[in-house]
Amino acid sequence: MNTEEYEFVSCPYCWEQLEIAVERISGRQEYTEDCHVCCRPILFQIETFEDGECDIQTLMDE
Ligand SMILES: [Zn+2]
């Protein structure tokens, strides 16, 4: 079963839309990944709920 889904988020620095792969595991994930456009570090905070809905926050990691 493939639990990865693609979601669109905005970079908090340059506001470009980025497509990210989100693993649908319930609970909270937090990781940093560089923006593909401006190369600055984005802190992703992803919370996935039991019904499959997820909440993605993109924050400046500086
Ligand atoms: Zn950016």
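This structure is a prediction, so every number in the text was calculated from the model and none was measured.

Enquirer: Help me understand the coordination of the zinc ion in this model?
Expert: Coordination angles at a metal have ideal targets, namely 109.5 degrees for four tetrahedral donors and 90 or 180 degrees for six octahedral donors. Distances from the zinc ion to its protein donors, Cys11 (SG), Cys14 (SG), Cys35 (SG) and Cys38 (SG), fall at 2.3 to 2.4 Å. Note that the zinc ion binds 4 donor atoms; their angles at the metal cover 103 to 119 degrees, and the shape is tetrahedral. Here the donor residues for the zinc ion map to a single chain with the spacing C-x2-C-x20-C-x2-C. Of this pair, Cys11 sits in the loop between strand 1 (4–10) and strand 2 (17–23) while Cys35 sits in the loop between strand 3 (27–34) and strand 4 (41–48); the two residues are 24 residues apart in sequence, bridging distant segments of the chain. Cys11 gets classed as buried once you look at its relative accessible area, which sits at 0%.

Enquirer: It is not clear to me how the sheet that holds strand 4 should be interpreted in this structure. Could you clarify?
Expert: Sheet strands line up and pair through hydrogen bonds in the backbone, either parallel or antiparallel. On the basis of which strands lie adjacent, the open sheet formed by 3 strands has the order 3-4-5 and antiparallel pairing. Whereas interior strands pair on both sides, the edge strands pair on one side only; in this sheet they are strand 3 and strand 5 (54–60). Averaged over all adjacent pairs, the angle separating strand axes in this sheet is 20 degrees, with direction ignored. Pairing of strand 3 with strand 4 involves 8 bridges; the strand directions are antiparallel. What sits directly across from Thr32, in strand 4, is Leu43.

Enquirer: Mind showing me how you'd approach the pairing of strand 5 here?
Expert: A regular strand places its side chains on the two faces of the sheet in alternate fashion. Note: strand 4 against strand 5, 7 bridges, orientation antiparallel. What sits directly across from Gln45, in strand 5, is Gln57. Where strand 4 folds back on strand 5, the antiparallel hairpin that results is connected by 5 residues, among which Gly52 adopts a positive phi of roughly 95 degrees.

Conventions used here
Residues numbered from 1 in each chain as written. Predicted model: local features only at pLDDT ≥ 70, side-chain atom pairs only at ≥ 80, totals over all residues. Heavy atoms only, no water. Donors = N, O, S within 2.8 Å, 3.2 Å for Na, K, Ca; no water. Tetrahedral: all angles 85-135°; square planar, octahedral: opposite > 155°, others 65-115°. Helix = DSSP H or I, 4+ residues; strand = E, 2+ residues; numbered from the N terminus. Buried < 20%, exposed > 50% of the residue type's maximum accessible area, 1.4 Å probe, protein only. Pairing = 2+ DSSP bridges. Axes fitted to C-alpha atoms, helices over the stretch in contact; angles between N-to-C directions.

Read these as geometric descriptors, not functional statements.
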